[in-house]
There are 2 protein chains.
Amino acid sequence: MTISAAAQEAGVGVETIRYYERRGLIRQPPSKGGYRQYPEATIRQIRFIRESQRLGFSLTEIEELLALAAAEDTTCGDVCSATEHKLAEVRGRIATLQRLERELEEMLCAKDCTAPKRDCKLLEALSPSSPPPDGEHCCH
Amino acid sequence: MTISAAAQEAGVGVETIRYYERRGLIRQPPSKGGYRQYPEATIRQIRFIRESQRLGFSLTEIEELLALAAAEDTTCGDVCSATEHKLAEVRGRIATLQRLERELEEMLCAKDCTAPKRDCKLLEALSPSSPPPDGEHCCH
DNA sequence: CTTGACTCCGTACTACGGTACGGACCGTAT
DNA sequence: ATACGGTCCGTACCGTAGTACGGAGTCAAG
């Protein structure tokens, strides 16, 4: 299986495979006459990498997962704790985004707000050019 | 106010201010003998930029917000629609992360799982080296 | 035997938001 | 007058995950 066939199989670009190889994520395949020949196992490995990325792991973290998979004394618990770690991270990101969501909601104008900008409290709050004066505003 | 005083005031680094200037986010301050002199308005503008970043806007988007603030015919609604747009984006990201959260939860082992890796279904599912065989597994 | 497609390799470039560096210049205090 | 710290500018670099490029080599079909 040549590199382009492997790329097709694994659903990535040719350059991506070369990149994974440079990074040491997949090992050098045997080559016939200078051309890489990919075994099935490497295709599975690439699919694993993409799936892990989808789950939020970075390539560096995936490197560690692969090291776990390669080590003799790895237990299932090792993998679980890596997963738990990532889960905590994802939950943290969700919490941050939800705080932002609330802040944006609070900032948001009523839909019928068509007042010119100098009457817009939101824009004034954002505006760098002048400190907000007092008075009536179209949104809050 | 020199650049380092301005940086202190605004809570950013000196290089950050120079970077914003290069990007056109803040305008060139008047200079005394080749040294930048910052007016209060620019400090406010930098604070605005940081606040907007915190709310999830990229520098490119902030450029647009600043253009809105500068344009004569900008209405409050214009700002609101930008905010709504960003809110939708944030909600999308939350939804994606929540899907990942559920997937990670489902993958997660029981805590007392200490079986060696070859009995770990999770690791086998992840492992690139061999297709998972059948049998008993410590986690599911 | 030649053509065209594929592959090789190293290097440079993308986006993002800065950070770091180095040599020159300036302003103030001593 | 001179030392010290701040500032100037352009340029290069950080990390992440690739993507693009160019010139050379290789393979299979016609």
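Residues numbered from 1 in each chain as written. Chains lettered and ligands numbered in written order. Predicted model: local features only at pLDDT ≥ 70, side-chain atom pairs only at ≥ 80, totals over all residues. Heavy atoms only, no water.

Quick question: what am I supposed to make of the protein's contact with DNA strand C here?
Around DNA strand C sit 18 residues in total, of which A:S4, A:G34, A:R36, B:T16 and B:Q53 are the nearest. Among all atoms of DNA strand C positioned within 4 Å of the protein, those belonging to sugar or phosphate total 67%. The separation between a base oxygen of DNA strand C and a polar side-chain atom of A:R18 is 3.1 Å. B:T16 is positioned with one of its side-chain polar atoms (N or O) 2.8 Å from a phosphate oxygen of DNA strand C. Elements supplying a minimum of two residues to the surface near DNA strand C: α1 (3-10) and β2 (35-36) of chain A together with α2 (14-23) and α3 (40-54) of chain B. Per-element accounting of the surface near DNA strand C gives the leading share, six residues, to α2(B). (Near = heavy atom within 4 Å. Polar contact = N/O pair within 3.5 Å; in protein donor to acceptor, adjacent residues only side chain to side chain. Helix = DSSP H or I, 4+ residues; strand = E, 2+ residues; numbered from the N terminus.)

How should the protein's contact with DNA strand D be read in this particular structure?
Around DNA strand D sit 19 residues in total, of which A:Y35, A:Q53, B:T2, B:Y35 and B:R36 are the nearest. Sugar and phosphate atoms form 61% of the subset of DNA strand D atoms that lie within 4 Å of the protein. With respect to DNA strand D, the side chain of A:Y19 contributes an N or O atom lying 3.5 Å from a base nitrogen. Here A:L59 contributes a backbone N or O atom positioned 3.4 Å from a phosphate oxygen of DNA strand D. Of all the elements in the fold, those that place two or more residues in the surface near DNA strand D are α2 (14-23) and α3 (40-54) of chain A together with α1 (3-10) and β2 (35-36) of chain B. In terms of residues, the surface near DNA strand D owes the most to one element, α2(A), which gives six residues.

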